[in-house]
Amino acid sequence: MPFSKLGLSEPILNAVTELGYTTPTPIQAEAIPLALKGKNLIAAAQTGSGKTASFVLPILELLSGGETQRKKRARALILTPTRELAVQVCKSIGLYGKHLNLNAIAIYGGVDYAPQKQALIDGVDIVVATPGRLRDLYTQRAIHFDETTLLVLDEADRMLDMGFIEDITKIIDTLPEQRQNLLFSATLSRQVRELAKETVSDAIQLSFNKESEGKPNIEQWITTVDKDKKSALLSHLINDQNWPQALIFIETKHGAAKLVSQLEKRGIEAECIHSGRTQAIREQILADFKSGKIKYLISTGISARGIDIDELPLVINYDLPFPADEYVHRIGRTGRAGSSGEAISLVSKDDFKNLCMIESRLDHLLERRVIEGFSPRKEVPVSVLNYVPKSQRDEDGKRIKSEKSAKPGVVRSKSKSSIKPSNRSGNGKSTEAAESNTQAGFNPWTDSKR
Ligand code: AMP
């Protein structure tokens, strides 16, 4: 189905065409017509599926007829887990709405309140916000929600993982009852369903996490290695493979900084982003990575949420993340919108528990390859595929959660010089603590048109 059949008007269709989009992604084809009819939606869709346009385009269409009439009001509210994602969504609004006369701002923490308050004074059509700062601004009476008729919860699972449930429910309690709700989540876990039940009544449920439904092709493989050899292995792979660019995930900010200096000692230039770096530095590094100036970017999971780079070829998990959903989010950075990508994980014995959870979540074992010279002294056993972590077991040892996992596409790899396929034969570390979640007004109509 072409974009022109979705019910969108000329200015939006023109913007989409100018961005080079020819066909809607599956989630866009399903969600946009329903959202335009005012339906409530719960959509299971991952990063890379084109989910942002699937809620931004209908919102722009629905709001394009009017404008904010009163001070400190917002007509649509989009909640996101991180400031990077808030800025990213705001930029998309700017791009998709470039021929419309609507305004939007991104609101997030870790920066001054004053510019955000100032930006809200005249009223805004769309506020994209992280929950903590938005709630603060509401408490300070800098924003009122009595004109808010549209609510989007973007990456709801992630917001819950980051502990935003109380902020979200408090914000929702203050919204008008008559409103349209759109919830997007990589997974529809029990907690997400509970949130949905309370906030999105009569919703139509859509799921786009099946391989057959246009998921990107991501070649995933792991290699086992001793923990103390990981940086040497990574350097070896970078030199051997000559990758044009890679996003490398690591669990802690301390680990990220250390890895940069370990790579440096081996002559490899890399940069890192994490919550310990200032917003201005993080934005500069992201811009440099997007422009290709930085080839290797090391990031904690949360910091990478807003990275949206077309055709990022490679994602490396230096550590395996916990929970398993995080793995799916991470590999979603590559193979976006139909292009192919590669996701490599360096797995040591310490990562075994997380490996079990990830492979159970995927419902298949990941291909293992041996890198010559890096076979581990401490072997990593083959995963138990029905592994259920203690916290998710009932008294009989059965899984409490019943949700089935998404299955990212797997493509068998081409063999590469020193990388050989081997015979098929965790620790529940938490990711970096939730970062401060709240920034100055960002106007996509000025910032993104530069
Ligand atoms: P998202 O899943 O919203 O983060 O989108 C992932 C990437 O896909 C972004 O870079 C979008 O610009 C791009 N994208 C979204 N929709 C389409 C489409 N219909 N055709 C081509 N690219 C798209």
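Fair warning: this is a prediction, and the values are worked out from it, not measured in the lab. (Residues numbered from 1 in each chain as written. Predicted model: local features only at pLDDT ≥ 70, side-chain atom pairs only at ≥ 80, totals over all residues. Heavy atoms only, no water.)

A. Geometry of helix α9 (residues 190–199). Residues of α9 that are buried: Val192, Leu195, Ala196 and Thr199. All buried residues of α9 lie within an arc of 100° about the axis, which places them on one face of the element. Structural note: α9 exposes Lys197 and Glu198 on the side pointing more than 90 degrees away from its buried face. For α9, the elements touching its buried residues are β1 (41–44), β5 (150–153), α7 (156–161), α8 (165–173) and β6 (180–185). (Buried < 20%, exposed > 50% of the residue type's maximum accessible area, 1.4 Å probe, protein only. Helix = DSSP H or I, 4+ residues; strand = E, 2+ residues; numbered from the N terminus. Arc of directions from axis to C-beta. Contact = heavy atoms within 4.5 Å.)

B. Here's a closer look at the packing of aromatic side chains. Following the criterion strictly, the structure yields four aromatic pairs and no others. Note on tyrosine 21 and tyrosine 96: the rings are 6.0 Å apart at their centroids and 65° apart in plane angle, and the pair reads as edge-to-face. Remark: tyrosine 96 occurs in helix α4 (residues 83–96) and tyrosine 21 occurs in the loop between α1 (10–18) and α2 (26–36); sequence separation between them is 75 residues. Judged by relative accessible area, tyrosine 21 falls into the partly exposed class, the value being 32%. For tyrosine 96, a relative accessible area of 6% corresponds to the buried category. Measuring from ring centre to ring centre gives 5.2 Å for tyrosine 138 and phenylalanine 145, while their planes differ by 10°; the resulting arrangement is stacked. The class for tyrosine 138 is partly exposed, based on a relative accessible area of 31%. Look at phenylalanine 145 and you get buried, because its relative accessible area is 3%. (Phe/Tyr/Trp six-rings, centres within 6.5 Å; stacked < 30°, edge-to-face > 60°.)

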